[in-house]
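Topology and contacts: notes
This is what each chain is made of:
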Amino acid sequence: MPKEKNKKILTIAIIFLALLISVIIFIIVNPTNSPTITKTKEKIFLFGEPSDGNNSATSTDNYNSLNNTEGQVAEITRITSEPIAGAHFVTNKENENAVRYVEQKTGDIYEYSLKNRRSERLLQQNLLGTHIALWTKSGENVLLRFLKSEEDNETIKTYANSLENGASGSSTTATGKFLPDNLQEIVTSPIETEKVAYLQENNGNTFVILEDLLNAEDRQQIFASPLNQWLLEWPKEDLIVLTTKPSYDIEGYSFFVNTKEGKAEKVLGKIKGLTTLVSPDATKILYARSEKNIFSSAVYDVKTKTETPLGLKILPEKCVWGTENPNLLYCAVSNFPDNTVLPDDWYKGKVSFSDEFWVINTETGKSGVINKMIDFSERGIDVTGVSLNSKNDYLLFTNKKDNSLWMLKLEITEVAKESNNIPINE
Amino acid sequence: MYKIISKTILLLGLIFPAVSFAGVVDINLSPEIPEPNQTISAELSGTLVDLDSSDIYWYLDKEIQKHGIGEKSFSFTAGDVDEKKDLEAIVIIPDGRRIDLQRTIEPTNIDLLWEANTYTPPFYRGKALPTYKSSIKVLALPSGKNINTKFIYNWSIDSLNNIAGSSGYNQKTFTTFGSYAGYSRKINVSMTSFDKFIKAKKTIKIESVAPELVFYENNPLMGTIFNNALYGIREIKSNDFSVKAEPYYVSRGELKNVQYKWGVGKDRVESKDNKEKMITFTKPENGSGKVQVQAHFKNTANTYQEARSGVYLSY
């Protein structure tokens with residue numbers, strides 16, 4: 001009898017122990033379990049339960065909306081299901097908020113009105129296979145990047161298209177010019193000038209060139225490097241960031257280059273798989289580290305040279321810094337195994353994610369889910385090309401799975417609210 | 001009390017200058033050329049002096065750190081880039097004479113950045129990785145205040161000594177070649193200023209990878225869709241579906257030597273001179289099914305640069 005009793009106690013103890021281990025494993029493995037960030041428990045934007053099949057998308061004039069169970073229009077919009085090459089928020093000639101985008105199949109330029117939720121073609125180009133379209137801040141110039149021919153995989157062409165808006169109701173015309181062939185990287189100015197910065201290779205060296213699209217004479221070389229493989233960022237007027245092209249488990253470096261003096265300063269280095277996103281005031285850098293069995297992201301403070309781990313797996317290219325409140329980061333976050341070969345396999349298109357949007361307050365450390373992505377095709381949204389409008393109440397992004405264009409309405413969140421009284425650059 | 005004694009010793013040093021024992025006792029640092037924030041071991045050596053019986057004081061930036069009979073060694077951490085630290089040892093030998101020894105440590109850092117001259121498709125944002133015999137350029141970049149200073153560089157690779165022609169004044173880049181896939185090259189550089197006051201050295205390992213073949217859809221309107229690779233099973237909707245092979249990490253200068261062999265199902269697809277990067281599969285008029293498309297590429301000038309891959313097209 002006592003033996004049976006002991007057996008019972010032992011069985012209960014084993015079950016209890018197994019449960020305890022499961023709970024501990026869950027807490028450790030749970031990707032949203034952050035040691036440094038206090039999450040807000042509620043989802044800040046709720047638009048009902050995920051679709052049961054009845055909440056299907058309705059497509060009218062190139063946009064879709066998603067209805068929630070109460071029949072209200074949800075805050076996520078697919079602007080176009082056609083693949084796009086690049087998009088940008090603008091204030092159009094009617095002085096309304098709009099989105100301009102370039103269709104990948106044709107190079108045609110469209111404008112989507114946030115007011116009447118319709119897209120209108122501004123310019124027909126018939127430029128097949130436009131891979132990348134980069135807009136200047138004003139939305140008046142767009143750089144179209146494509147290959148000379150599909151057989152000639154080597155020659156990248158860059159055409160700078162300058163849109164000329166007539167009065168309201170009249171048609172848009174354009175003039176343009178080609179920039180040099182084979183520019184490996186190009187970025188547009190963060191302020192309302194029509195300047196671009198690009199990498200131009202010559203005799204084994206690479207030069208960072210600033211050029212005014214409206215004035216070909218205004219062209220200056222600001223930096224030279226014997227290495228060619230750099231990624232560019234242009235966070236503020238007098239600062240360009242050069243980061244070595246990243247690869248899993250290989251050390252990367254980031255340099256700040258002053259556009260006036262051309263002086264370079266190392267800001268981050270020896271970080272494996274380094275990818276970055278510099279804040280608009282260049283005081284903070286969101287960066288990711290990707291090495292054997294470790295993927296982590298952190299915010300680096302340029303002045304204090306300290307970093308704050310985020311506890312979320314974030315690829316900086318899936319984020320945008322707030323401009324109204326520069327402490328806020330809006331990021332598309334996925335859960336993936338630590339041994340995923342990032343960012344290489346994502347760039348190659350060998351892995352794909354289903355993201356949800358988070359807002360992270362880098363000052364208070366709080367973060368919260370903005371919205372779970374629900375794709376109408378139920379394949380999820382692999383976010384890329386994120387941007388914010390000037391009021392910071394709309395997010396624009398592309399689904400890398402099919403290059404469709406999406407927009408998310410933002411409202412004041414608990415996370416954002418708490419930082420409203422916090423001075424910037426305290 | 002301890003501090004008072006140590007300061008008194010320093011003061012006495014001013015009144016009674018130390019005996020010149022140049023070369024008799026030395027401070028040896030390990031490593032001799034420290035990196036920023038690296039732990040340094042300092043050790044006294046001298047055969048003509050009985051250091052084991054001597055009273056030894058160690059100072060760092062004029063602050064006493066360690067004291068005792070026979071305390072011949074002392075460890076400390078180097079400063080950050082360009083941060084000077086003055087190390088001083090005072091040795092009182094048994095007959096009462098004093099020996100002063102000083103070293104200044106000012107770490108200079110060199111970063112070694114590198115890139116391989118291998119192929120990646122247009123608009124690819126990742127690093128081109130080295131493969132067997134592919135060219136690799138290494139750049140030595142001093143940090144801090146010396147970032148623009150010109151130095152004398154000495155480069156060496158694996159166990160070989162200085163590479164003549166690549167070493168010398170302002171020779172801050174060095175070109176080498178990739179090892180076999182999975183193996184590393186060890187690149188060493190030492191950097192010295194003209195006055196020999198600034199010295200730094202660094203070693204990195206660069207591991208080569210195997211080339212990779214990745215398939216993409218080529219769409220007649222959109223061109224190659226680099227965003228999404230084709231792998232596993234891919235359902236096709238159009239009648240014609242073009243598959244393009246991208247030979248990641250082949251030596252860029254040898255792309256013209258790359259040959260492709262294609263197979264669809266059990267059939268080999270003949271192509272002119274085996275130069276076709278792309279094939280088009282046409283759906284049978286009736287029915288549905290699944291077919292495997294396979295490709296193999298090889299750099300005929302460097303047969304170690306080859307890869308193969310396959311994808312199922314479902315229709």
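Fair warning: this is a prediction, and the values are worked out from it, not measured in the lab.

Notes on the overall build of chain A
Broken down by element type, chain A carries three helices and 30 strands. Counting the 426 residues in chain A, one finds 43% classified as buried.

Things to note about the sheet that holds strand β21 (residues 278-282) of chain B
Residues and elements named next belong to chain B. Strand order in the open sheet made by the four strands is β16-β15-β18-β21, with antiparallel pairing throughout. If you trace the sheet from one side to the other, it starts and ends with β16 (223-230) and β21, each paired once. Strand-to-strand twist in this sheet, taken as the mean axis angle between neighbours without regard to direction, amounts to 35°. With seven bridges joining them, strand β15 (residues 212-219) and strand β18 (residues 240-248) adopt antiparallel strand pairing. If you follow E217 over to β18, its bridge partner there is V243.

Re the pairing of strand β4 (residues 84-91) of chain A
Residue and element names in this part refer to chain A. Counted residue by residue, β4 has seven buried out of eight residues, so it is predominantly covered. Note: β4 against strand β5 (residues 97-103), seven bridges, orientation antiparallel. Within β5, the position partnered with V90 by the bridge is A98. Counted between consecutive antiparallel strands, the loop separating β4 from β5 contains five residues, among which N95 sits at a positive phi close to 60°.

Points about the interface of chain A and chain B
At the junction of the two partners, chain A supplies 34 residues and chain B supplies 28 residues. For the side of chain A that touches chain B, the elements supplying multiple residues, two or more each, are β8 (130-135), β19 (264-272) and α2 (344-348) of chain A. Here the side of chain A that touches chain B is built from residues that sort into 14 nonpolar, eleven polar and nine charged.

A word on the environment of G253 of chain B
By the element assignment, G253 of chain B lies in the loop between β18 and β19 (258-264). With 119 residues separating them in the primary sequence, G253 of chain B and S134 of chain B have C-alpha atoms 9.0 Å apart.

Here we look at the nonpolar core
By size, the foremost hydrophobic cluster in this structure holds 131 residues, and its most contacted members are V99, Y287, C319, Y330, C331 and W358 of chain A. A per-element tally of this core places strand β25 (residues 328-333) of chain A first, with six residues.

So, the sheet that holds strand β22 (residues 294-301) of chain A
Residue and element names in this part refer to chain A. If you trace the four strands from one edge of the open sheet to the other, you get β20-β21-β22-β23, paired in antiparallel fashion. Both outer strands of the open sheet, β20 (275-278) and β23 (306-309), are each paired with one neighbouring strand and no more. The average undirected angle you get between the axes of adjacent strands in this sheet is 25°.

Comments concerning the environment of N228 of chain B
Checked against the element boundaries, N228 of chain B lands in strand β16. Along the chain, N228 of chain B and T280 of chain B lie 52 residues apart, while their C-alpha atoms are 18 Å from each other.

What to know about the confidence of the model for chain B
On average, chain B scores 88 in pLDDT, and the residues at 70 or more come to 91%. This model gives residues 9-20 of chain B a pLDDT under 50, and the stretch forms twelve contacts once residues within four places in sequence are excluded.

Cut-off values and rules
- Residues numbered from 1 in each chain as written.
- Chains lettered and ligands numbered in written order.
- Predicted model: local features only at pLDDT ≥ 70, side-chain atom pairs only at ≥ 80, totals over all residues.
- Helix = DSSP H or I, 4+ residues; strand = E, 2+ residues; numbered from the N terminus.
- Buried ≥ 20, exposed ≤ 12 C-beta atoms within 10 Å, placed from the backbone.
- Pairing = 2+ DSSP bridges.
- Axes fitted to C-alpha atoms, helices over the stretch in contact; angles between N-to-C directions.
- Contact = placed C-beta atoms within 7 Å.
- Nonpolar A, V, L, I, M, F, W, Y, C, P; charged D, E, K, R; others polar.
- Core = buried A, V, L, I, M, F, W, Y, C linked by C-beta atoms within 7 Å.
- pLDDT = per-residue confidence, 0-100.

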